[in-house]
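Chain by chain, the residues run as shown.
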Amino acid sequence: MDYINQYYDELVAAIIRPPRAEYDLSELGAPVARLDGKVFVRKDFELKNQRGLTLQCSQFVGARHYQRMPVVIYCHGNAGCRVDALDVCKLLLPMGISVVCFDFAGSGLSEGEYVSLGYYEKDDLACVVDYLRKNNSTTRIGLWGRSMGAVTSLMFGVLDPSIACLVLDSPFLLFLSFLLVFCSFLFFSILFYSVLFYSILFYSI
């Protein structure tokens, strides 16, 4: 019974408390950087979500740009953080598209202890979208999400049809499907190492 309880606890923790991405702000690059002969700046800011948790955010934009311009918000995966958006920045910034990235609550440097695979994350995303619209800094908003971030983008996009476009990398269609695949992987991993352990123990006697 203890083994089953331990397996259950590990399963729950792996889903809602995956390894937290730890990083230093320096990994986001210099506040002012050059790409393809153009100068870009990074503006870091904080937002409070609906649950009162502080979200750590960054916006990458050209040093010389129009006041209002298209923006893509990058939404990371369940074990990711805003550093994951750097590859997207290299693609979009030279095209004159600003990039906003942030750590979901429970991820990276943001407050919070757990993730919810999209349920609460869509509210975090809504907070970022609302911020961009209120400061009158954008013409159109697109979403680029990976894994949990892709699901979050879908869930938010249904609620806000004004979103210009969605780029969805590896979303899971159903939480149940994701859970079954994840449980199977975790179960067979534990089974494999258990067999390996007892085999070593048996042959060492």
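The following refers to the structure shown. (Residues numbered from 1 in each chain as written. Predicted model: local features only at pLDDT ≥ 70, side-chain atom pairs only at ≥ 80, totals over all residues. Heavy atoms only, no water.)

### Quick look at unusual backbone geometry
A positive phi angle is found at asparagine 136, which is not glycine, with a value near 55°. In this fold, asparagine 136 is placed in the loop between helix 3 (121-134) and strand 6 (138-146). (Helix = DSSP H or I, 4+ residues; strand = E, 2+ residues; numbered from the N terminus.)

### So, the pairing of strand 1 (residues 32-35)
Pairing between strand 1 and strand 2 (residues 38-48): four bridges, direction antiparallel. Counterpart to alanine 33 in the pairing with strand 2 is phenylalanine 40. Taking the residues between adjacent antiparallel strands as the criterion, strand 1 and strand 2 are bridged by two residues, where aspartate 36 takes a positive phi near 55°. (Pairing = 2+ DSSP bridges.)

### Quick notes on the nonpolar core
Counting residues in each nonpolar core, the largest one holds 25 residues, and the members touching the most others are Ile73, Phe102 and Leu125. Contributing elements (two or more residues each) for this core: strand 2, strand 3 (54-62), strand 4 (69-75), strand 5 (98-102), helix 3, strand 6 and helix 4 (148-159). Take this core: its biggest share by element is five residues, from helix 3. In contact with phenylalanine 102, not counting residues within four places along its chain, are Gln56, Cys57, Ile73, Tyr74, Cys75, His76, Arg82, Asp124, Leu125 and Val128. Formed by 12 residues, the second largest nonpolar core is a distinct cluster that contains Val88, Leu93, Ile97 and Cys101. (Core = buried A, V, L, I, M, F, W, Y, C linked by side-chain atoms within 4.5 Å. Buried < 20%, exposed > 50% of the residue type's maximum accessible area, 1.4 Å probe, protein only. Contact = heavy atoms within 4.5 Å.)

### A look at the sheet that holds strand 7 (residues 165-169)
Ordered by their spatial adjacency, seven strands build an open sheet running 1-2-3-5-4-6-7, and the pairing between neighbours is mixed. The open sheet has two free edges, formed respectively by strand 1 and strand 7, since each of these has just one partner strand. Across the sheet, the axes of successive neighbouring strands diverge by a mean angle of 25°, strand direction being ignored. Bridge count for strand 4 against strand 6 is six bridges, and the pairing is parallel. Following the sheet pairing, tyrosine 74 is matched in strand 6 by tryptophan 144. Sheet strands touched by helix 3: strand 2, strand 3, strand 4, strand 5 and strand 6. Its angle to strand 4, the strand with the most contacts, is close to 165°. Against the sheet, helix 4 engages strand 4, strand 6 and strand 7, with an angle of about 135° to strand 6. (Axes fitted to C-alpha atoms, helices over the stretch in contact; angles between N-to-C directions.)

### Comments concerning the side chain of arginine 42
Structurally, arginine 42 can be placed in strand 2. Residue arginine 42 is classed as buried on the basis of its relative accessible area, which comes to 12%. Among the polar contacts made by the side chain of arginine 42, one reaches the side chain of aspartate 44 at a distance of 2.8 Å. Ignoring sequence-local partners within four residues, the contact set of arginine 42 consists of Leu25, Leu28, Gly29, Ala30, Pro31, Ser58, Gln59 and Phe60. (Polar contact = N/O pair within 3.5 Å; in protein donor to acceptor, adjacent residues only side chain to side chain.)

### Some remarks on helix 3
A rise of 1.5 Å per residue sets the reference length of helix 3, with its 14 residues, at 20 Å; its end C-alpha atoms lie 20 Å apart and thus fit the reference within 8%. Residues of helix 3 that are buried: Glu121, Lys122, Asp124, Leu125, Cys127, Val128, Val129 and Leu132. Here the buried face of helix 3 lies against strand 2, strand 3, strand 4, strand 5, strand 6 and helix 4. One or two residues past the end of helix 3 sits asparagine 136, with phi positive at roughly 55°. (Expected span 1.5 Å × (residues − 1).)

### Topic: helix 4
When the terminal C-alpha atoms of helix 4 are compared, their 17 Å separation across 12 residues agrees well with the 16 Å that a helix rising 1.5 Å per residue should span. Buried within helix 4 are the following residues: Met148, Gly149, Ala150, Val151, Thr152, Ser153, Phe156 and Gly157. On the buried face of helix 4, the contacting elements are strand 4, helix 3, strand 6 and strand 7.

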